[in-house]
Amino acid sequence: MALTAREWLLLPEKEQQSRIKELSPHECYLLRTELECVCFTDEEKKRFPEEKKESFLHQKNIQKRKKRHLIYNVKKFLRNYQKKQRARNKYH
């Protein structure tokens, strides 16, 4: 399995330098764009609790679920709004 950008960010700095070539072009793109502000010191990485590491590594999946839920709610709101508008137009 290829190294992900988030996994790479959690590696110690020396290991990051030696494993940079394992990142796909897409993962490099993510590092330059979406994850450009993420910066941990080696000390922070050592003290990172395991649950926070897991949360950081799988954050993309969480964001996708939240996005799907938001889209569902927006569509539901629009359907209800359109029904109300049609009902209102019938009687006016």
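So, a few notes on the structure that sits alongside this text.

What counts as what
- Starting afresh in each chain, residues are numbered from 1 along the sequence in its written order.
- Whole-chain, interface and lining totals are the exception, using all residues; otherwise, since this is a predicted model, local features are given only for residues with pLDDT of at least 70 and side-chain atom pairs are given and counted only at 80 or more.
- Remark: hydrogens and water are excluded; side-chain values derive from all non-hydrogen atoms of the structure.
- We define a salt bridge as a contact between a side-chain nitrogen of Lys or Arg and a carboxyl oxygen of Asp or Glu at a distance within 4 Å.
- Where helices and strands are cited, they refer to DSSP runs of H or I of at least four residues and of E of at least two residues respectively, numbered from the N terminus.
- With a 1.4 Å probe rolled over the protein chains alone, any residue whose accessible area is under 20% of its type maximum counts as buried; one over 50% counts as exposed, and the rest are partly exposed.

**Some details on the pattern of salt bridges**
Now for step 1: Within the structure shown, the criterion is met by five salt bridges.
Now for step 2: We note a salt bridge from Lys 45 to Asp 42, for which the minimum N-O separation is 3.8 Å. With Lys 45 and Asp 42 both in helix H4 (residues 42-47) and three residues apart, the pair spans about one turn of that helix.
Now for step 3: Residue classification places Lys 45 among the buried positions, given a relative accessible area of 8%.
Now for step 4: The exposure class of Asp 42 is partly exposed, given its relative accessible area of 31%.
Now for step 5: Between Lys 46 and Glu 43 there is a salt bridge, with the nearest N and O atoms lying 3.9 Å from each other. One end of the pair, Lys 46, and the other, Glu 43, are both in helix H4, three residues apart, so they sit about a helical turn from each other.
Now for step 6: Residue classification places Lys 46 among the exposed residues on the basis of a relative accessible area of 64%.
Now for step 7: On the accessibility criterion, Glu 43 (44% relative accessible area) is partly exposed.

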